[in-house]
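Working through the structure, step by step
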Amino acid sequence: MLPTKIFLDLDDVLAEFTMTALRHVGCRACGLEDFNPKHGFDIVAQANAMIVDHPLFIDTGEPLFTVKKFWEAIPRSLWAELPRSKEFGFLIVESARLVGRENVCVLTAPIDDPECAAGKMEWMKENLPVWLRNQFLIGSPKHLCASPDALLIDDSDKNVDAFLRAGGQAILVPRPWNSNYQLCTKYFLEMMFQNLFAAQKARERSDRITYRSMKAFYDPVIPHGHVLLGGQVFRLEDKK
Ligand SMILES: [Mg+2]
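Quick notes on the rules
- Residues numbered from 1 in each chain as written.
- Predicted model: local features only at pLDDT ≥ 70, side-chain atom pairs only at ≥ 80, totals over all residues.
- Helix = DSSP H or I, 4+ residues; strand = E, 2+ residues; numbered from the N terminus.
- Buried ≥ 20, exposed ≤ 12 C-beta atoms within 10 Å, placed from the backbone.
- Contact = placed C-beta atoms within 7 Å.
- pLDDT = per-residue confidence, 0-100.
- Core = buried A, V, L, I, M, F, W, Y, C linked by C-beta atoms within 7 Å.
- Domains from an automatic or database assignment.
- Pairing = 2+ DSSP bridges.
- Axes fitted to C-alpha atoms, helices over the stretch in contact; angles between N-to-C directions.

Scanning the chain from terminus to terminus reveals eight helices and seven strands. Expressed as a percentage of its 240 residues, the buried residues of the chain come to 35%. Across the chain, contacts joining residues at least 24 apart in sequence account for 58% of those joining residues at least 6 apart.

Shown next, in the form of structure tokens:
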């Protein structure tokens, strides 16, 4: 089934959270290439590995950041002032083009701090286009939004897996902390949307096409200009 609604994650999908937070706590984190994939989705481990480069760091033999200490160091203003991600414009525009503006929703999980949720709301007010500004949900159980026609675009393996298990569709945005870390983010996302638009066009042309495996739409090995329909990969141009 083609998606008819899209849920866009905020942190590290629409906004640059991880590297901004690492810089905030004193780490030399210039770009995504500075994040070591071996730490996976563990920003605190990455912070502890990076902080040793800080000129004022004193090695006590203990990790500087506990989980609690790290998250307590993130103020509301940081959530509110995150820079937009490189993919911000592309994802919003293409999502709206695919499913219609009224079916795009920002879906973001706050940490256990009301200031975080407030900061996120400030960020959305400041950054999102007017039509999207009030289309958001704040909460951790993202899988509760899953349905066969719902597509989640997120950078967390855990969120993506839970959404798929709950019967939804999902795209894992390549980041150094997830299992798509070896893929080129820009190329990968362009290909995902190209596949989805191609499938949408194909459906408009023929009602007989059945979609057996939406999973394959999200397979980056399907080459540009091709799409998987009815279990087969073929060029759309070949169809009448
Ligand atoms: Mg995220």
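Summarising the element assignment, Cys-116 is placed in helix 6 (residues 114-127). With 22 C-beta atoms packed within 10 Å, Cys-116 lands in the buried category. Sequence separation of Cys-116 and Ile-74 is 42 residues, and the distance between their C-alpha atoms is 8.5 Å. When neighbours within four sequence positions are excluded, Cys-116 is seen to be in contact with Trp-79, Pro-110 and Ile-111.

This paragraph deals with the confidence of the model for the chain. Reading predicted coordinates in detail is not appropriate for stretches of low pLDDT. Looking at the chain, pLDDT values average 86 and 85% of them are 70 or higher. Note on residues 208-213: pLDDT under 50 across the span, and twelve contacts to partners over four residues away in sequence or across chains.

Bringing the nonpolar core into the picture now. Ranked by internal contacts, the top residues of the largest apolar core, which has 50 residues, are Ile-6, Leu-8, Leu-22, Ala-47, Leu-151, Leu-152 and Ile-153. Here this core takes six residues from helix 8 (residues 185-205), the largest share from any one element. Each of domain 1 (5-14 + 85-238) and domain 2 (18-80) contributes no fewer than three residues to this core. Excluding anything up to four places from it in sequence, Ile-6 contacts Ser-95, Leu-98, Val-99, Asn-103, Val-104, Leu-151 and Ile-153.

Tracing the chain through its elements places Ile-51 in the loop between helix 2 (43-50) and helix 3 (67-72). Given 18 C-beta atoms within a 10 Å radius, Ile-51 is considered partly exposed. Taking the C-alpha atoms as reference, Ile-51 lies 9.7 Å from Arg-23; in sequence the two are 28 residues apart. Those residues in contact with Ile-51, other than ones at most four positions away along the chain, are Gly-26, Cys-27, Phe-57 and Leu-64.

For the rest of this paragraph, the subject is the pairing of strand 1 (residues 5-8). With four bridges joining them, strand 1 and strand 4 (residues 150-154) adopt parallel strand pairing. Across the sheet, Leu-8 pairs through a bridge with Ile-153, a residue of strand 4. In this structure, strand 1 lies alongside strand 2 (residues 104-108), joined through three bridges in parallel fashion. Across the sheet, the residue bridging to Leu-8 is Val-106, located in strand 2.

The subject of this paragraph is the sheet that holds strand 3 (residues 136-138). If you trace the five strands from one edge of the open sheet to the other, you get 3-2-1-4-5, paired in parallel fashion. The open sheet has two edge strands, strand 3 and strand 5 (169-172), and neither has a second partner. Each neighbouring strand pair of the sheet contributes to a mean axis angle of 20 degrees, computed without reference to strand direction.

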